[in-house]
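The residues making up each chain are set out below.
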Amino acid sequence: MVVSPPADLPAPAPPPWQPPAGIAPPPALGPPPAPMPDVAETIIAPGGAAAAAAAHDATALMPAWQPPPPAAPPAPPEAPVLGGPTRPMRAGGMGPQAELTIESGPDAGHTHRAGDSALRLGRSPDNDLILRDPATSGHHARVERRGEQFWIVDLGSTNGTLVNGEPIQEKELNHGDRITVGQNAVHFSVLGG
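None of these values were measured; they are calculated from a predicted model. (Residues numbered from 1 in each chain as written. Predicted model: local features only at pLDDT ≥ 70, side-chain atom pairs only at ≥ 80, totals over all residues. Heavy atoms only, no water.)

## Examining the overall build of the protein chain
Right, so step 1: Helix and strand counts for the protein chain come out as two helices and eleven strands.
Right, so step 2: Along the protein chain, helices (α) and strands (β) appear in the sequence α-α-β-β-β-β-β-β-β-β-β-β-β when read from the amino end.
Right, so step 3: By the burial criterion, 25% of the 193 residues in the protein chain qualify as buried.
Right, so step 4: Within the protein chain, counting contacts between residues at least 6 apart in sequence, those at least 24 apart form 42% of the total.
Right, so step 5: Taken as a whole, the protein chain presents about 13500 Å² of accessible surface, with 64% of it coming from carbon and sulfur. (Helix = DSSP H or I, 4+ residues; strand = E, 2+ residues; numbered from the N terminus. Buried < 20%, exposed > 50% of the residue type's maximum accessible area, 1.4 Å probe, protein only. Contact = heavy atoms within 4.5 Å. Areas by Shrake-Rupley, 256 points an atom, 1.4 Å probe, with all protein chains shown as cover.)

## Quick look at the side chain of Thr161
Right, so step 1: Relative to the assigned elements, Thr161 resides in strand E7 (residues 161–163).
Right, so step 2: At 2.5 Å, the side chain of Thr161 forms a polar contact with the side chain of Asp154.
Right, so step 3: Aside from chain neighbours lying at most four places away, what touches Thr161 is His140, Ala141, Ile152, Asp154, Glu166, Pro167, Ile168, Ile179, Thr180 and Val181. (Polar contact = N/O pair within 3.5 Å; in protein donor to acceptor, adjacent residues only side chain to side chain.)

## What about the side chain of Arg145?
Right, so step 1: Relative to the helices and strands, Arg145 resides in strand E5 (residues 141–146).
Right, so step 2: A distance of 3.0 Å separates the side chain of Arg145 from the side chain of Asp116, its partner in a polar contact.
Right, so step 3: There is a polar contact of 3.2 Å between the side chain of Arg145 and the backbone oxygen of Gly147.

## Considering the sheet that holds strand E4 (residues 129–130)
Two modes of strand pairing occur in sheets, parallel and antiparallel, and in both the strands are linked by backbone hydrogen bonds.
Right, so step 1: Spatially, five strands are ordered E4-E3-E5-E6-E9 in an open sheet, and the strand pairing comes out mixed. Every interior strand has two partners, whereas the edge strands, E4 and strand E9 (170–173), have only one.
Right, so step 2: In this sheet, strand E6 (residues 149–154) lies alongside E5 in antiparallel orientation, the contact comprising six bridges. The residue of E6 that forms the bridge with Arg142 is Val153. (Pairing = 2+ DSSP bridges.)

## Focus on the nonpolar core
Right, so step 1: With 19 residues, the main nonpolar core has Leu100, Val143, Ile152, Leu173 and Ile179 as its most contacted residues.
Right, so step 2: At the level of elements, strand E1 (97–104), strand E3 (119–122), E5, E6, strand E10 (178–181) and strand E11 (184–192) are the ones that each hand at least two residues to this core.
Right, so step 3: A total of three residues in this core trace back to one element, the largest contributor, which is E1. (Core = buried A, V, L, I, M, F, W, Y, C linked by side-chain atoms within 4.5 Å.)

Here it is, written out as structure tokens:
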């Protein structure tokens, strides 16, 4: 005896690998995939130079990482201690030396020497002449020797640098000039040549 399905049941769904009737298959996305190579072509034959190199690479040792050698400690700066003695003149220094004496202001009474190297003035601890005056910028000015002459250069300070009451950006200094840095009045004198 053959049993037929009742007429009111829906038709069975088509298998998933066939598109439904009346619908076109989706278009391919991108180029067709490359053909797969034969597995036998990808096998490296034992023996030969390739096998010897592979065996050597598998047993080669890499050196262990070593930390770099320690760096030498930095040399201490030559900055004078505020209120300390005048910086000594360098024996090998050529040319004139200058002396800056703070006559009035928060740092009055201190004397500092300038010679071959530039003398940086300001509040910051990395200056050669450290001033504790709040009206002085961190890096306020620099006194430097150019040939036989001394110059002062303002380093973009907030309150400016004055020489004999005149605001300057850069000026040649003469013996007896009065420099104003913040609230400090500094007397400049040339010591010798």
